[in-house]
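Residue strings, one per chain:
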Amino acid sequence: MLTENEIVQFIQEDTSSDKKRFARVGQKYYEGEHDIRNYRLYYYNADGQLVEDKSRSNIKISHPFFTELVDQEVQYMLSGKDGFVKSDIPELQNELDEYFNENEDFTSELYEVLTGAITKGFEYMYAYKTVEDKIGFQCADSLGVVEVRAKDTQDGCDYVIYWYVDRIAKENKKIKRIQVWDKSQTYFYVQEEDGKLEKDESVEINPRPHTIYSKGDGALYYENFGFIPFFRLDNCRKQFSGLKSVKELIDDYDLMSCGLSNNLQDANEYLVVVSGFQGDNLEELIQNTKTKKHIGVDTGGDVDFKTVDVPYEARKTKLELDEKNIYRFGMGFNSAQMGDGNITNIVIKSRYALLDLKCNKLEIRLRQFMRKILKIVLKEINDNNGTDYQQKDVYFNFEREVMTNASDNAIIEKTDAETEQVKINTLLNLASTLDQETIVQNICDVLDIDYEEIKDRLPEDDVNLIDAQSEIDNVVVDEPEVMVDE
């Protein structure tokens, strides 16, 4: 077991690591706290010293492109309506729906895990037993998770330290709750700021097994998972945040946009050209110009006020270029992108191409992540029902929904209906050549009807297929209503 000093040391080393430092930057940008907020203006005074200029306008506006890119990717990944954990075994599918597809708690936690993985580069989910004696899952903030491995090994981990700020006490002191997980039990500690680590007295059984339950006889029973129930989802192999590829572009956009705002704010400012200045103190001249609006000059002296044109077009062009590159290299869908008015389904899909590529890469890691979770879920299902379901009985189907043009959809439906009618007419024209069973089977294939289900309900007497064809010829196929998106 880790000592208290070792726990504190591991937390401190992890907090100061480059990986967690980059993760915190991603979290800040997702929350709209950009580097522009620390931007300051300086100038050299009369003594040649660099001092902060607090008189000029210094607007600081964050443009949360990264927030949009992250939410786009998460929503697009989970946009399927029928769930994504599938099985061809009906009984198993019903069980899986209770754990995943129809479980709103799991969907909510998976949403948080995906958001955290893209934002910070990696995120965790841990398993626990619910009051219904079923496995549940909850997201764990990766900034507060520390993996402790034995020396010279990268396979698995011996301990997981999970800490979080529970509350803010007097004098703004943070009270941290710290949990140390191993393969059989969990140790609970509490710490005030960076003070001494103490055992958490609010937890009755400390350390405690992973699961504690009662069968109604008053006695407590204990179980453990046999492994540390923390699962990590990585955004990429190096655990980089999705911010890495677009941070400089977003910073440049913030700078250009705020610079333009500052130019407009300071448009009433001007340069003062003084000739024949009465005095020898440049600071006095500057102060008089800003406050008293008065300047003393010698006989024959003059004062000229020069205004500076705002570089509007140059900044506007740079902003448009930055925005285009943010969505290009961030591999997102730019909803503000203007088209030529001919927005067909092909055009819409092409605009989703980069987002599809990014989600395809994430889907590979998400499948691996879900397989680890599915392993313990299948074990519980098999233990409860006496079954022997395997991983191969389950597959994942991440259907991603793309907006479409209603007009295109109506035309496609009309074309499909006309094609079906032509095929049926052709089959009926062969009534004198082919037997009735063959024709009916082919008609069922065209109409997507299971022939085996209806063959027993077909009349035993031969059906006059020529009369049937005349009936079909007299049927008027309603054309789908065409709706055009404006």
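Residues numbered from 1 in each chain as written. Predicted model: local features only at pLDDT ≥ 70, side-chain atom pairs only at ≥ 80, totals over all residues. Heavy atoms only, no water.

Colleague: Can you help me understand a nonpolar patch on the surface in this one?
Modeller: There is a patch of nonpolar side chains on the surface, built from Tyr42, Tyr44 and Leu50 and spanning about 360 Å² of accessible area. Position of Tyr42 relative to the elements: it lies in strand β1 (residues 42–44). (Patch = residues over 30% accessible without salt bridge, like charges linked within 9 Å, V, L, I, M, F, W, Y side chains within 5 Å. Areas by Shrake-Rupley, 256 points an atom, 1.4 Å probe, with all protein chains shown as cover. Salt bridge = Lys/Arg side-chain N within 4 Å of Asp/Glu carboxyl O. Helix = DSSP H or I, 4+ residues; strand = E, 2+ residues; numbered from the N terminus.)

Colleague: Even after reading the chapter, I still don't get the packing of helix α3 (residues 65–77) against helix α8 (residues 312–329), so can you show me in this structure?
Modeller: Axis angle and axis distance: for two packed helices, these are the angle between their axes and the distance between the axes, and together they describe the pair. Following both chains from N to C, one finds α3 and α8 inclined at 30°, their axes separated by 11 Å at the closest point. In terms of axis orientation, α3 runs roughly parallel to α8. Crossing hand, α3 versus α8: right-handed. Every residue of α8 that contacts α3 at Phe65, Glu68, Leu69 and Gln72 is listed here: Glu323, Ile326 and Tyr327. For the contact of α3 with α8, the residue count by class is four nonpolar, one polar and two charged. (Axes fitted to C-alpha atoms, helices over the stretch in contact; angles between N-to-C directions. Parallel < 35°, antiparallel > 145°, perpendicular 65-115°, else oblique. Left-handed = near helix turned anticlockwise from the far one by under 90°. Contact = heavy atoms within 4.5 Å. Nonpolar A, V, L, I, M, F, W, Y, C, P; charged D, E, K, R; others polar.)

Colleague: I tried to follow a negative patch on the surface on my own but got confused; where do I start?
Modeller: A cluster of like negative charges, contributed by Glu413, Asp416, Glu420, Asp445 and Asp448, occupies part of the molecular surface. Taking relative accessible area as the criterion, Glu420 reaches 34% and is therefore assigned partly exposed. (Lys, Arg positive; Asp, Glu negative; His and termini not counted. Charge placed at Lys NZ, Arg CZ, Asp CG, Glu CD. Buried < 20%, exposed > 50% of the residue type's maximum accessible area, 1.4 Å probe, protein only.)

Colleague: Can you walk me through the nonpolar core in this structure?
Modeller: As a rule of thumb, soluble globular proteins bury nonpolar side chains together. In this structure, Phe100, Phe137, Leu366, Phe369 and Met370 are the most contacted members of the largest nonpolar core, which totals 58 residues. Top element by residues in this core is helix α10 (residues 353–385). It accounts for twelve residues. If you look at the next biggest cluster of nonpolar residues, it comprises 13 residues, including Ile7, Ile161, Ile178 and Tyr187. (Core = buried A, V, L, I, M, F, W, Y, C linked by side-chain atoms within 4.5 Å.)

Colleague: For this particular structure, what's the right way to read the environment of Arg37?
Modeller: With respect to the secondary-structure elements, Arg37 resides in the loop between α2 (18–30) and β1. Residue classification places Arg37 among the partly exposed residues on the basis of a relative accessible area of 45%. Ignoring any residue separated from it by four or fewer positions in sequence, one finds Arg37 in contact with Gly32, Lys60 and Ser62. Polar contacts involving the side chain of Arg37 include one to the main-chain carbonyl oxygen of Gly32, which spans 3.4 Å. (Polar contact = N/O pair within 3.5 Å; in protein donor to acceptor, adjacent residues only side chain to side chain.)

Colleague: Would you mind showing me how to read the sheet that holds strand β4 (residues 122–129) here?
Modeller: Backbone hydrogen bonds hold the strands of a sheet together, and the pairing may be parallel or antiparallel. Reading across from one edge, β5-β4-β14 is the order of the three strands in this open sheet, with antiparallel pairing throughout. A single partner strand is all that each edge strand has here, and the edge strands are β5 (135–140) and β14 (230–234). Taken over all neighbouring pairs, the strand axes of this sheet differ in orientation by 30° on average, direction set aside. With six bridges connecting them, β4 and β5 associate as antiparallel partners. (Pairing = 2+ DSSP bridges.)

Colleague: Is there a simple way to think about the environment of Tyr187 in this case?
Modeller: Along the chain, the position of Tyr187 falls in strand β9 (residues 185–192). You can call Tyr187 buried: its relative accessible area is 13%. What Tyr187 contacts, discounting residues up to four positions off in sequence, is Met1, Ile178, Gln179, Val180, Asp182, Asn206 and Pro207. In terms of polar contacts, Tyr187 uses its side chain to reach the side chain of Gln185, at 2.8 Å.

Colleague: Could you clarify how one ought to interpret the packing of α3 against helix α5 (residues 104–120) in this entry?
Modeller: The N-to-C vectors of α3 and α5 enclose an angle of 135°; their axes lie 10 Å apart at closest approach. Comparing their axes, α5 and α3 come out oblique. Where α3 crosses over α5, the two elements pack in a sense that is right-handed. Across from Phe66, Val70, Asp71, Glu73, Val74 and Gln75 in α3, the residues of α5 making contact are Tyr111, Leu114, Thr115, Ile118 and Thr119.

Colleague: Looking at this model, I keep getting lost on the pairing of strand β8 (residues 174–181). Mind explaining?
Modeller: Each regular strand carries side chains that alternate between the two faces of the sheet. Extensive coverage of β8 is indicated by the burial of seven of its eight residues. Bridging between strand β7 (residues 159–168) and β8 involves eight bridges; their strand directions are antiparallel. Among the inter-strand pairings, Tyr162 is bridged to a residue of β8, identified as Gln179. Between β7 and β8, which follow one another and run antiparallel, lie five residues, and Glu171 among them has a positive phi close to 60°. Here β8 hands over to β9 after three residues, the two strands then running antiparallel side by side.

Colleague: Would you mind showing me how to read the packing of aromatic side chains here?
Modeller: The relation between two aromatic rings is expressed through the spacing of the ring centres and the mutual angle of the planes. For the coordinates displayed, the defined rule picks out 19 aromatic pairs. Judged by centre distance (6.3 Å) and plane angle (50°), the rings of Tyr126 and Tyr128 are tilted. Exposure remark for Tyr126: the relative accessible area of 13% places this residue in the buried category. For Tyr128, a relative accessible area of 31% translates into the label partly exposed. These aromatic residues form a ring-pair network of at least three members: Tyr126, Tyr128, Tyr162, Tyr164, Trp181 and Phe230. Taking NZ or CZ as reference, Lys134 lies 4.5 Å from the ring centre of Tyr99, over its face. (Phe/Tyr/Trp six-rings, centres within 6.5 Å; stacked < 30°, edge-to-face > 60°. Lys NZ or Arg CZ within 6 Å of the ring centre and 35° of its normal.)

Colleague: I keep staring at unusual backbone geometry and nothing clicks. Help me out?
Modeller: Most of the time, phi is negative for any residue but glycine, and the peptide bond is trans. Here the residue pair Asn206 and Pro207 is connected by a cis peptide bond, since its omega of 5° sits within 30 degrees of zero. Positive phi values are uncommon outside glycine, yet Glu171 reaches one of about 60°. Within the fold, Glu171 resides in the loop between β7 and β8. A positive phi angle is found at Gln239, which is not glycine, with a value near 60°. Its location among the elements puts Gln239 in the loop between β14 and α6 (247–265).

These figures come from the coordinates and say nothing about function on their own.
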